[in-house]
Amino acid sequence: TLDGNRWEIIQLPSSNDWASAIAGDINEKGEIVGDVLNLAFDQGYSSLWQPTDPQRRTYKLTLLPNPWGHPNGDTAEGINNSGDIVGASWDDYGNFVAVRWTTKDPSSVQSLGFPGDWSLAFRVNEYGIATGTYGTYSVGQCANECAAAVQFH
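This one's a predicted model, so the numbers in the text were calculated from it and none came from an experiment.

Visitor: I'd like to hear about the side chain of Ser20, residue by residue, with values.
Guide: Mapped onto the secondary structure, Ser20 falls in strand E3 (residues 20-26). Ignoring any residue separated from it by four or fewer positions in sequence, one finds Ser20 in contact with Asp35, Val36, Leu37, Asn38, Leu39 and Phe41.

Here it is as structure tokens:
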């Protein structure tokens, strides 16, 4: 927060089970998305931090689920002012799958349906259009990585 002539650093809460935390994106409500991970950065959860006071000096941490129920080191990359969250979750085969969460029901997660063998969503705008990338493991279109956009239904 800006207080007169100086910025105040607010430490976001972490989890006792996850030693590292990464904040990625923030919306106008002060809701922040990112990740909590173990020290090896190979397990963890996408995360949502929401302010608990009007001054945004204290936050609560919510671990976001993935479709497979494993702490695979997922990533929440973007959040819009409506509370749509996008990122990716590792599937059981070690592939990133672009997914969506929402602050209205943080226990819900759904695939964005990007094509290819792997995918990742980076941002979402106020119209519910998510952007990201996807690719294939075989030689094909887009030199194995393609840009993507999808609108929520």
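Visitor: So what's going on with the sheet that holds strand E13 (residues 146-151)? Residues and values would help.
Guide: Read from one edge to the other, the open sheet built from three strands follows the order E11-E12-E13, with strand pairing classed as antiparallel. Every other strand in the sheet has two partners, leaving strand E11 (118-124) and E13 as the edge strands with one partner each. The sheet shows a mean angle of 30 degrees between the axes of neighbouring strands, direction not considered. Note that strand E12 (residues 129-135) and E13 share six bridges and pair antiparallel. The residue bridging Tyr134 from the neighbouring strand is Cys146, located in E13.

Visitor: Go over unusual backbone geometry, please, and point to the residues and values.
Guide: With a phi angle near 60 degrees, Phe41 is a residue other than glycine that sits in the positive phi range. One non-glycine residue, Arg56, adopts positive backbone phi at about 60 degrees. Residue position: Arg56 is located in the loop between strand E5 (44-51) and strand E6 (59-64). For Arg56, a relative accessible area of 30% puts it in the partly exposed group.

So, how was this worked out
Residues numbered from 1 in each chain as written. Predicted model: local features only at pLDDT ≥ 70, side-chain atom pairs only at ≥ 80, totals over all residues. Heavy atoms only, no water. Helix = DSSP H or I, 4+ residues; strand = E, 2+ residues; numbered from the N terminus. Contact = heavy atoms within 4.5 Å. Pairing = 2+ DSSP bridges. Axes fitted to C-alpha atoms, helices over the stretch in contact; angles between N-to-C directions. Buried < 20%, exposed > 50% of the residue type's maximum accessible area, 1.4 Å probe, protein only.

Everything listed is a geometric property; what it means functionally is a separate question.
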